[in-house]
Each structure stands twice: as C-alpha cells, then as structure tokens.
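Overview (structure and organization)
In case you want the letters, here they are:
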Amino acid sequence: MASFTLHGIPVSRGIAIGRAHLLAPAALDVKHYLIAEEQVEAEVQRLQSAIDTVHKELQIIWKELPPDAPAELGAFIDVHALILSDPMISEMPLDIIRSRHYNAEWALVTQIDELSAQFDEIEDAYLRERKNDIQQVGERVLKILTGSAALPGMKSAEESTAHMIVVAHDISPADMLQFRDRAFAGFVTDLGGQNSHTAIVARSLDIPAAVGMYNASALIAQDDWVIIDGDAGVVIVDPTPAVLEQYRELQARLVRERKKLSRLRKTPAVTRDGTEITMLANIELPEDCAAALDAGAVGVGLFRSEFLFMGRTGFGHRLPSEDEQFESYRQAVVAMKGRPVTIRTLDIGADKPLDTAEETALNPALGLRAIRYCLAEPQMFLAQLRAILRASAFGPIKLLIPMLAHAFEIDQTLLMIEQAKAQLREAHKKFDPLIPVGAMIEIPAAALTLPLFVKRMDFLSIGTNDLIQYTLAIDRVDHEVAHLYNPLHPAILYLLSTTISIGAKAGIPVSVCGEMAGDTKLTRLLLGMGLREFSMHPAQLLAVKQEILNSDLSVIVPRTKKIMRTFEPAAIMEAVDQLRVV
Ligand code: PEP
Ligand code: MG
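Residues numbered from 1 in each chain as written. Chains lettered and ligands numbered in written order. Predicted model: local features only at pLDDT ≥ 70, side-chain atom pairs only at ≥ 80, totals over all residues. Heavy atoms only, no water.

1. Digging into the overall build of the protein
Secondary structure summary: the protein contains 24 helices and 16 strands in total. Residue burial in the protein is summarised as follows: out of 582 residues, 53% are buried. Taking all contacts inside the protein whose residues are at least 6 apart in sequence as the whole, residues at least 24 apart take part in 70%. (Helix = DSSP H or I, 4+ residues; strand = E, 2+ residues; numbered from the N terminus. Buried < 20%, exposed > 50% of the residue type's maximum accessible area, 1.4 Å probe, protein only. Contact = heavy atoms within 4.5 Å.)

2. Observations concerning the coordination of the magnesium ion (ligand 2)
Coordination of the magnesium ion (ligand 2) by the protein involves Glu442 (OE) and Asp466 (OD), with metal-donor separations of 2.0 to 2.2 Å. Remark: Asp466 occurs in helix H19 (residues 464-472) and Glu442 occurs in the loop between strand S13 (437-441) and helix H17 (444-447); sequence separation between them is 24 residues. By the burial criterion, Glu442 is buried, and Asp466 matches it. (Donors = N, O, S within 2.8 Å, 3.2 Å for Na, K, Ca; no water.)

3. Describing the sheet that holds strand S3 (residues 15-22)
Hydrogen bonds between backbone groups are what pair the strands of a sheet, and the pairing can be parallel or antiparallel. Taking strand neighbours across the sheet as the criterion, the eight strands line up as S1-S8-S7-S3-S4-S5-S6-S2 in an open arrangement whose pairing is mixed. Looking along the sheet, the strands with just one partner apiece sit at the ends: strand S1 (4-7) and strand S2 (9-10). Sheet strands touched by helix H10 (residues 241-262): S3, strand S7 (225-229) and strand S8 (234-237). Its angle to S3, the strand with the most contacts, is close to 120 degrees. (Pairing = 2+ DSSP bridges. Axes fitted to C-alpha atoms, helices over the stretch in contact; angles between N-to-C directions.)

4. Concerning the environment of Phe187
Mapped onto the elements of the fold, Phe187 is located in strand S5 (residues 186-189). Under the relative-accessibility criterion, Phe187 is labelled buried at 1%. A C-alpha to C-alpha distance of 8.1 Å links Phe187 and Ile228, two positions 41 residues apart in sequence.

5. Observations concerning helix H1 (residues 40-63)
If you check H1, its first and last C-alpha atoms are 35 Å apart, about what 24 residues at 1.5 Å a residue would give, namely 34 Å. Buried within H1 we find Val40, Glu43, Val44, Leu47, Ala50, Ile51, Val54, Leu58, Ile61 and Trp62. (Expected span 1.5 Å × (residues − 1).)

6. Description of unusual backbone geometry
With phi around 60 degrees, His101 is a residue other than glycine that occupies positive phi space. Tracing the chain through its elements places His101 in the loop between helix H4 (92-100) and helix H5 (104-120).

7. Describing the pairing of S3
Among the eight residues that make up S3, six are buried, leaving the element largely enclosed by the rest of the structure. As paired elements, S3 and S7 share five bridges and run antiparallel to each other. In the strand pairing of S7, Arg19 is matched with Trp225. The sheet contact formed by S3 and strand S4 (residues 164-168) spans four bridges and is parallel. Residue pairing for S4: Leu22 is matched across the bridge by Val167.

8. Here we look at the sheet that holds strand S16 (residues 533-536)
Read around the closed barrel, eight strands run S9-S10-S11-S12-S13-S14-S15-S16, paired in parallel fashion. Between one strand axis and the next, the sheet turns through 25 degrees on average, direction left out of account. Where strand S9 (residues 278-283) and strand S10 (residues 300-304) come together, three bridges link them in parallel fashion. Across the sheet, the residue bridging to Ile283 is Phe303, located in S10. Here helix H22 (residues 538-549) sits on the sheet in contact with S9 and S16, set at roughly 160 degrees to S9.

9. Some thoughts on the packing of H19 against helix H20 (residues 490-506)
Put simply, H19 and H20 touch, their axes get as near as 10 Å, and they point 130 degrees apart. Taken together, the axis directions place H19 and H20 in an arrangement best described as oblique. Considering only the axes of H19 and H20, their crossing is right-handed. Contacts from Thr464, Leu467, Ile468, Thr471 and Leu472 in H19 reach Ala491, Ile492, Leu495 and Leu496 in H20. Residue composition of the contact of H19 with H20, by class: seven nonpolar, two polar and no charged. (Parallel < 35°, antiparallel > 145°, perpendicular 65-115°, else oblique. Left-handed = near helix turned anticlockwise from the far one by under 90°. Nonpolar A, V, L, I, M, F, W, Y, C, P; charged D, E, K, R; others polar.)

10. Things to note about the nonpolar core
One finds Phe303, Tyr329, Leu460 and Phe534 to be the most contacted residues of the largest nonpolar core, which totals 98 residues. Among the elements that take part in this core, helix H15 (residues 378-391) stands out by supplying eight residues, more than any other. Leave out the neighbours within four places in its chain, and Tyr329 touches Phe303, Ser305, Leu308, Phe309, Ile343, Gln384, Ala387, Ile388 and Ala391. Formed by 32 residues, the second largest nonpolar core is a distinct cluster that contains Ala81, Ile89, Tyr102 and Ile134. (Core = buried A, V, L, I, M, F, W, Y, C linked by side-chain atoms within 4.5 Å.)

Structural measurements only, silent on function.
Here it is as structure tokens:
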C-alpha cells in the first residue's frame, strides 16, 4: 500500500514509531428484532443486569486506580458512572423494551442515538465532547450484552506492546488505563481535541499522540507501520524506508537529547552572565512531587488543589474534608523536603468543573469560578484555608489565590485567611503565622491595576493560560478558536512585561505558572522581560533550564525592549526567534 499522511491536532510531544493496533470500531451496529410479549420482562432483566455489571466494573476500575494514575482519569471514570446512573441511560432503554418490544441492544442503541443527536445541537464545545462519553458508556453495556471482550485480542496478547500504536475512533478512560500498564508507543484517535481525555492522559504519561484525525481508524489497517509526529499532529502511514529511517534518526536524537538533559538535574539555573533563575514545578497531586524533585525543581510554584476536589462525587463521595486536605498538603510539603510549596486555593469552574458545582452559568469562563466561588462558599473556603495553614507547620507553604480582579475580593480573601488563623489559634493548632499570600494575575483587569495588588500581596504569579483567554476573548477549550490563542499577541506581551516590571519595582517576586513558562521558544523573551521565576510541568523543566543556561541577559534585554515596541505579528515572531540566535 502506498504511504500517506494524515493531519490532526498535536496534543503531546515526541515521535512514536510502531505497528498499528486497531481497537474495534464503535460496536453500535447491532442486531434488531422484536421480543414476544411474554419475553419482555426477561429482556428488561438482561439489559438491567448488563447495566449493573458495567456499574460494578467501573467501580472496580475506580477503586483499583493505581496511585500514580493521572488525576484526571478518576474524574473521567466518574463521569461515566454518572452517565450510567442517569435515568436517560439506566431507565429509558428499559421503557423502550417494554413499550416497543425492541431487543435490549436495539433499545439501548436507539436511546444512545437519540441522546447523541441532542448533544450535537449543544453549542458549548466542552459539553458537546461529552457525547463521546455517552457513546463509550453505551458501548461498554453493549459489550456485556453481546459478550465481547472490552479490548478484543489484547488481553491474551503476550507479545510486547511497547512498539504498538493504538489507533481508535475514540478511547474511553477505562480502556486508557489498560494502555498505561502496557506501555504503548503512542495513540491516534479520530475524535478528540486539545482537551479530550485521550489528549490529557497522553500528556500526563508523556506519550506521543495525535487526536482529531477524523477517519484515521478507517484508513489505517491492523499492523500498518505508523509514525506519529506528536509535535506536529501528523501521522504517516506505511512510510517509505527512507522516511522511516529519517524518523528513526530524529527519534533517536530526541531520546539522546532527553538523556543529556537529565544531566542538568542538579545544575543551578544560572544565565551566562550569572543571573540566578528559580525553576519551580506545577503539580496536581502530592504524588507529583517525586517527578518535580526528579526534574530538579527547587520548589512547587503551583499546586492545583482543585484536583483533590475533582472526580470524587461519582460514588457517593463528598468533597474532601479539612483533615483529608490537610493530609494531602502535608504530604506535598514533606515530600518537597524544605523546598517551598505554593498551594493555589480551589480554582474550579469553566474547564475544571466539580460534579457538585454543575455548570449552569451561561458562560462558565465568566461565571462564578475560582475565588468568586470560594467567597460565595465561605465554610468550604475556610476549611481549605485551615487545612493549608495547618500543613504550613510542616514546611514552607505559600498561599496563591486564583482569578482575583477587584480590591474587595483581595480584602475579603485576606480577612478570611485571618479568620482561619483565628479559628486555628482557638483550637490550639499550629501554623505559620507569616504564610506568604500571593495573587494569580490572570484577568486583564488585574494586570492593569497592579498597584492594588503589590500593596496587599506578598508575591504574584501570572497565569498566562487564562490571561490569554480573557485578553483575546477566546475560550481556551474551544478548538474552533484555537488558532487565535497567541501568546505573542502584543497585548499579552504588554500585560506580561508590565506585571513583571511593576512587581520588580515594588520588590515582590513575580513568577509565570501558565503554559508559556514551559515553552522553550519563549524562555528568552520572558528572561528579557525580567522574569526570574518559572513554574511548569516537571517534564518541561530541564529543557527550559538548558535554554536558561545558554542565555545572556546583556544580549537579550535590549532586544526584548525592541520587541516591546513592535506591533507587527510577523516582526515579533521573527525577533523572538532571533533571541535564540546568539
Ligand atoms: C493559568 O491560567 O495560566 C494557570 C496557570 O492556571 P490554570 O491553567 O489552572 O487555569
Ligand atoms: Mg488559570
């Protein structure tokens, strides 16, 4: 067969080369027949027991989640359990059997098709993507009804899977779990975007993947040779020997580079002219501290505490109690062995919904999220503050507050921190009375009114992900506007550089903890703006450190000043590229 190339959405880095392992296509094509009146209740029972079995299966998968499983996976499995419990899935198909006498498979598929059609009408891209979850849940029930294995042919496969590339229409979170145990080389899926669970899990496993490939699973055949270029979102099927060789070399080079980078673990991050830079890690759970230390982080710059709250409500779980939270924060601070841990208070809403905080807002990104939500739920917020404060008795902790924009929000938050301290004093519980409190600068209004912040706060951390979203008015999870998401837009550069310089003038530390901090193409630009603290996913730390070690501020600073006076996008891009040429 001739070689061909497919283009999709790049969601994780690196090159994977291997044989295609096709997952069975959607099993929604089923037998249709009518049930005799006296058989109806038996058929209802058959479907009911398949639903029960899947419920149990999900519960087992959830309970047996390995401790190092990506945090999001539990949340995704919860979503499936919730869908399965919804009367639209758990009851409607039974009614269809009773009223129309359809066989169980037909009744289930009829209802799934109906729901899928309704989801197609939804405008919100994130919710629209949940249609896939409904179909995956449906398929799970169907597989029980028809007696087929969850992953055909894979359970018995003894051969090494390390060089297999999973090609599927879509991959359910539960199936994803099996892949992580089997060390697959990469993933290709027809569906999905930057934010789909395949993408998120692939990134957290650091495996090359390309999603949103439309009909890849129909075009690629079992055992075809496949190359995934994860950085470009390109998949090459049946490459010629010359292309295969070229990619093998590229892959070997990337592996060598990674190995070389690991030697920098203990090297202090200092520029050529002797300026010290602080390299911090972003974590989602206390367990991530190991990866942070492994990558040589000198502290945690962003602990996204909302991950402790997500994915817990599916099986009757509540929000984590003060004591449970305290344990997690303590675990993180102890794991970091005296290095500072910056814990961000709950930042839920929009792209990170809590089951219990179901999104009813018309525009969730602009709704009651993050600190707004916390100030509206003072008891919950106080419990989190007390838990963080109590953990500060075990090592250095900083408190970081997301999404602040108004002076009164800062004042109310500081008052609540004092209230939490008073409660702890009364209960004779220990804490660090001088715990530093900082603000995320991620709303343009905050970046434009910094005097309000530097007067009240001990440090600032720029959340470029949201700052870009709100400045450029583009939803960060909507792939239809993904092309407008530009960190080099002059408006973003202006807000970044003024925040960094005003912070420096006021003598308070400023870090960047959004994705920009981990992008090696932007490291020198940020250094040139005066940034001295970078916080990023541990996997990016060493590459950014290498960039820092090769930078000379005396060259970069004047060039960055010039970039700040440039408005033409092409000229900015060119000048930012040139910063890397010394
Ligand atoms: C940001 O907005 O840049 C950020 C770091 O926070 P999150 O991505 O969790 O919103
Ligand atoms: Mg944010």
